[in-house]
Amino acid sequence: MPTLTFPLSRIEGHAQVTIDVQNGRPVSARFQAMEFRGFEYLVQGVPAEQMPVIVPRICGVCSTAHHVAAVRALEDAFGLTPPPLAQTIRELLMLGQIVQNQATSLFIFTMPDRLGVSSIFQADSAAADADQGIASRALRVRRAGTSLISLAGGQFIHPIKAIVGGVTSGIAPEAAEVVRGEVEAALGLACELFDIYWEMSLALRDRIGTWGDDEPACYIAATGEDAPRYTDDTIRVMCPDGCCHEAFPARDFRKHLDFVESEYSYADATSYRGQVIRANSLARANMTQAMGTPLADGYLERFRQAFGRPAHGLLLFDLARGIELVYALERALEIMAGPLSGEDTAIPYTPRDGDGYGMVEAPRGPLIHHYRIENQKIVQAEFVIPTVHNMLAIERALRVVAARYITGESINMELERAVGRVVRAFDPCIACATH
Amino acid sequence: MPEEAVRFAVLQLSGCAGCEVSLLNAEEWIERYRLMYMPLVVSAYDVPPVDILLVSGGVRTDEDLYNLRRAIPRAKQVVAVGTCAISGGVASLGDRDEVRQLFLTQPERRHVPRMLPKCHPIDAFVEVGRYLPGCPPTPELFMAALLDPADFKASKIVCQECGRRKVRDLRPEHLVGLRQGEVLPDICLINQGYFCVGSSTRGGCRAPCPRGGHPCVGCRGPSDVLIDKGSTEWLASIQRVFQSLTDVPAAEIEQAARSPQMALFLFQFSDYAGVDRPPRPKEKVL
Ligand code: SF4
Ligand code: SF4
């Protein structure tokens, strides 16, 4: 039985897709995560309070999400509520993560698929005059996210400012002012680039004849119902027709989600009552009432008019990412218009033993850290990773493209590109998924 | 871009991609260099001949080792980037008996790269021309490594880049650390009872952590004075600093210095070089 292997690039980490073909028909499609470091083991015996420094190293792309989830897990274990200003600064930090990630995914990972180039850094020489400067504009938008992370998180990749009980300090008005200017400029550029991206996506749809014709799925997210919030305590699940919802707290995740280990991948997979689930941007766009900022709401309305609610096409994950990019920049500007210093940013605390659950909505979906603490040391750690929620959905979508492009007589050369597009729509993060 | 622009590639082994993300923030290279290979952002299947090869991540699997060995002959210069490539990094926390036991309980998997018994620094297998420490190195440091490293001016230690004042009238008796809530601005973190190792850590990062109110955990590794020495000398130097600024008992300092988040970074040039090999020469470290 021949096996087609597709190494993957323009995603975070080492992964490949393999498709087995028998008698001219695809019989299986696997998404394989190829790396493993074993963080759940590495952190055994580590002093619990060092987790916010150690766990961001699970992933340099999602480090902010891990940093905040770690702090929240410890606060849950120690019974603490950080002061309001700390919560605001953490929100700004998470918004920086959304900006950086969505700009990277849209413009660096997936735009080359729409331009037909192997990297955005070649785009400007390949594309028409009107597209000149895409790479440098894209990097400026991305950079605004990095600046927000540095401002609110102290460090630009593995942040340090969120601490158990709050954040180390407030943000001085002068520092905020500099970044505000950068974010404002980035908002204009982001809208320009997103409009181009939307047009390119329409052209792609026309060329391949679909937005992604996989079946509908359940959606899972930990953002608010009326507007996105990235540090909520409740996970919600939306059924495929969009009508029923279920909500549960992070600590109950095992009661609601089923985990399967894979024998051909270093990443597990989750399902919800035997059904395939999808996390990430499209889940959030489907589940929120509105974005709550003017430009992003404009885009969301356009999106809903075109694709309905819930929307299911795979390439719509990418468009939903653009809406979030605009939202996160707008919301960051709102926050920076208010005071970010002058109040308490952290409360003193006494550590105690027990279990702690910390959740954030990371760019790829709900992320949960669970720690069991004895004698102030970690004796058990679980990292529930958003990419893992998408594993079954990725493989199901891969089977659909395999069936579409492999026919009895031939394999359409479009298959390789389609595999890349499917995987990138989910923006999987392999370092996180395997941890 | 000039035709003769420097050609470089980025080989990512087992790491967190933070080093790559940092490089993406160093936008200056885009106009001047030709990025030939970096799977995170470029679809290309193999490392072509290049002037500079940046290697991030440690050697954790047989595939890492294979990719490393294949890429090296195609590069004129090899730079080990970040703690993982230099010492194994955070994965070295697994280099303990009880953790090895846990790894052995992993289910049997097929068709995936096989794990090596531990995570190795890349120079355990190949010759390295330059070391760029940091977790991750800042964009500025990346640019310095790619351009002319001799031109790069950094302070000797993080303290000189931090800007917090050391004071005489604040002598903590214990390492209370983050448990005390908000951090005072402008005053040295050691005076406030934090275990900050900026005084023995090499400069060049511009001290983002202590500036942001969090003690430096030493991700850049020891300063030039200590770099080729073992952990014992480093521990003695830390004790001296804390004796002069605090009344914290020596045993408490010792315990903090030996904690996992310090072990990740501090001895990356000496202890992790391996017992049978000399420490890495400091001339090669940026
Ligand atoms: S050195 Fe640090 S930033 Fe670089 S790959 Fe390793 S953990 Fe990530
Ligand atoms: S201040 Fe210390 S921990 Fe922070 S980046 Fe510099 S060397 Fe690394």
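Because the structure is a prediction, the values reported are computed rather than measured.

Calculation notes
- Residues numbered from 1 in each chain as written.
- Chains lettered and ligands numbered in written order.
- Predicted model: local features only at pLDDT ≥ 70, side-chain atom pairs only at ≥ 80, totals over all residues.
- Heavy atoms only, no water.
- Near = heavy atom within 4 Å.
- Helix = DSSP H or I, 4+ residues; strand = E, 2+ residues; numbered from the N terminus.
- Nonpolar A, V, L, I, M, F, W, Y, C, P; charged D, E, K, R; others polar.
- Pairing = 2+ DSSP bridges.
- Axes fitted to C-alpha atoms, helices over the stretch in contact; angles between N-to-C directions.
- Contact = heavy atoms within 4.5 Å.
- Buried area = accessible area lost by both parts, 1.4 Å probe.
- Salt bridge = Lys/Arg side-chain N within 4 Å of Asp/Glu carboxyl O.
- Polar contact = N/O pair within 3.5 Å; in protein donor to acceptor, adjacent residues only side chain to side chain.
- Parallel < 35°, antiparallel > 145°, perpendicular 65-115°, else oblique.
- Left-handed = near helix turned anticlockwise from the far one by under 90°.
- Phe/Tyr/Trp six-rings, centres within 6.5 Å; stacked < 30°, edge-to-face > 60°.
- Lys NZ or Arg CZ within 6 Å of the ring centre and 35° of its normal.
- pLDDT = per-residue confidence, 0-100.
- Buried < 20%, exposed > 50% of the residue type's maximum accessible area, 1.4 Å probe, protein only.
- Domains from an automatic or database assignment.

Colleague: Got a sec to walk through the site of ligand 1? Specific residues and values, please.
Modeller: The immediate surroundings of ligand 1 are formed by Arg57 and His158 of chain A together with Gly15, Cys16, Gly18, Cys19, Gly82, Thr83, Cys84, Gly134, Cys135 and Pro136 of chain B. The site occupied by ligand 1 is bordered by residues of chains A and B. The dominant element in the shell around ligand 1, judged by the number of residues it contributes, is helix α4 (residues 82-87) of chain B, at three residues. In the shell around ligand 1, the residues fall into five nonpolar, six polar and one charged.

Colleague: So, the sheet that holds strand β2 (residues 15-22) of chain A: which residues are in play, and what are the values?
Modeller: Residue and element names in this part refer to chain A. Read across the open sheet, the three strands follow the order β1-β2-β3; overall the sheet is antiparallel. A strand with exactly one partner marks an edge of an open sheet, and here the two such strands are β1 (3-7) and β3 (25-33). Sheet twist, expressed as the average angle between the axes of neighbouring strands with direction ignored, equals 15°. Taken together, the five bridges between β1 and β2 define a ladder with antiparallel strand orientation. Bridge pairing in β2 places Thr5 opposite Thr18.

Colleague: So, the interface of chain A and chain B: which residues are in play, and what are the values?
Modeller: Contact residues are listed per partner, giving 67 residues for chain A and 64 residues for chain B. When residues of chain A are sorted by the area they lose upon contact with chain B, Tyr41, Leu42 and Tyr266 of chain A head the list and together hold 12% of the total. Our enumeration of links across chain A and chain B arrives at one salt bridge. For Glu49 of chain A, the salt bridge goes to Arg179 of chain B, with nearest N and O atoms at 2.5 Å. Inspection of the region where chain A meets chain B yields 23 residue pairs in polar contact (both at pLDDT 80 or more). Going through the elements one at a time, β3, α1 (39-42), α2 (51-54), α4 (84-115), α6 (134-153) and α14 (414-425) of chain A are the ones with two or more residues in the side of chain A that touches chain B. With four residues, α6 of chain A is the largest single contributor of residues to the side of chain A that touches chain B. Within the side of chain A that touches chain B, the residues separate by chemical class into 31 nonpolar, 20 polar and 16 charged.

Colleague: Describe the packing of helix α7 (residues 173-208) of chain A against α14 of chain A, with residues and values.
Modeller: Residue and element names in this part refer to chain A. Where α7 meets α14, the axes come as close as 13 Å, and the angle between the chain directions of the two elements is 140°. Classified by the interaxial angle, the pair formed by α7 and α14 is oblique. Between α7 and α14 lies a crossing whose hand is left-handed. Only Glu414, Arg417 and Arg421 of α14 make contact with α7, whose side of the interface consists of Leu204, Arg207 and Ile208. Broken down by class, the residue content of the contact of α7 with α14 amounts to two nonpolar, no polar and four charged.

Colleague: Describe the site of ligand 2, naming the residues involved and giving the relevant values.
Modeller: Taken together, 13 residues surround ligand 2, and among them Gln155 of chain A together with Cys205, Cys209, Cys216 and Cys219 of chain B come closest. Here the residues of the shell around ligand 2 are counted per class, giving nine nonpolar, three polar and one charged.

Colleague: Describe the packing of aromatic side chains, naming the residues involved and giving the relevant values.
Modeller: For the structure shown, the criterion picks out 13 aromatic pairs over all chains. The cationic tip of Arg302 of chain A hangs over the ring face of Trp198 of chain A; the distance from NZ or CZ to the ring centre is 4.0 Å.

Colleague: Talk me through unusual backbone geometry; I want residue IDs and the actual numbers.
Modeller: All names here are of chain A. Cis peptide bonds are those with omega within 30 degrees of zero, and the linkage from Arg309 to Pro310 qualifies with -5°. Positive phi is not limited to glycine here, since Arg10 has a value of about 50°. Mapped onto the secondary structure, Arg10 falls in the loop between β1 and β2. In this structure, Arg273 takes a positive phi of about 45° despite not being glycine.

Colleague: For the confidence of the model for chain A, give the residues involved together with the corresponding values.
Modeller: When pLDDT is averaged along chain A, the result is 92; 98% of the residues meet or exceed 70. Below a pLDDT of 50 lies the segment residues 126-130 of chain A, which in the model reaches four contacts outside its immediate sequence neighbourhood of four places, other chains included.

Colleague: Please give an account of the side chain of His370 of chain A that cites residues and values.
Modeller: Residues and elements named next belong to chain A. On the secondary structure map, His370 appears in strand β13 (residues 365-374). For His370, a relative accessible area of 3% puts it in the buried group. Within the structure, the side chain of His370 is placed 2.6 Å from the side chain of Asp355, a separation counted as a polar contact. Side chain to side chain, His370 and Glu382 meet in a polar contact 2.6 Å long. For His370, the residues in contact, after removing those within four places along its chain, are Asp355, Gly356, Tyr357, Gln380, Ala381 and Glu382.

Colleague: Give me the lowdown on the packing of helix α1 (residues 18-25) of chain B against helix α6 (residues 139-146) of chain B, citing residues and values where you can.
Modeller: All names here are of chain B. In contact at an axis separation of 8 Å, α1 and α6 are set at 80° when each is read in the N-to-C sense. Taken together, the axis directions place α1 and α6 in an arrangement best described as roughly perpendicular. Between α1 and α6, the contacting residues are Cys19, Ser22, Leu23 and Asn25 on the first element and Pro139, Phe142 and Leu146 on the second. Across the contact of α1 with α6, the residue classes break down as five nonpolar, two polar and no charged.

Colleague: Can you break down the domain arrangement of chain B residue by residue, with the values?
Modeller: All names here are of chain B. Domain annotation for chain B reports domain 1 (6-152) and domain 2 (159-273). For domain 1 versus domain 2, the distance between C-alpha centres works out to 27 Å. Residue-level contacts link 16 residues of domain 1 with 12 residues of domain 2. A buried area of about 1,200 Å², summed over both sides, lies between domain 1 and domain 2, and 65% of it is on carbon and sulfur atoms. Applying the counting rule to domain 1 against domain 2 returns one salt bridge. Arg206 serves as the salt-bridge partner of Glu140, at 2.8 Å between the closest nitrogen and oxygen. Counting the contacts that link domain 1 with domain 2 gives two residue pairs in polar contact (both at pLDDT 80 or more). Every element with two or more residues in the side of domain 1 that touches domain 2 is listed here: α4 and α6. Examining the composition of the side of domain 1 that touches domain 2, we find that three residues originate from one element, α4, more than from any other.

Colleague: So, the pairing of strand β5 (residues 75-81) of chain B: which residues are in play, and what are the values?
Modeller: Residues and elements named next belong to chain B. Within β5, five of the seven residues are buried, leaving the element largely enclosed by the surrounding structure. Sheet topology places strand β3 (residues 50-56) next to β5; six bridges connect them, and they run parallel. Pairing of Val55 across the sheet is with Ala80, part of β5.

Colleague: So, the environment of Ala433 of chain A: which residues are in play, and what are the values?
Modeller: Its location among the elements puts Ala433 of chain A in helix α15 (residues 430-434). Once residues within four sequence positions are removed from consideration, Ala433 of chain A is found in contact with Ala267, Ile385, Thr387, Val388 and Met391 of chain A.

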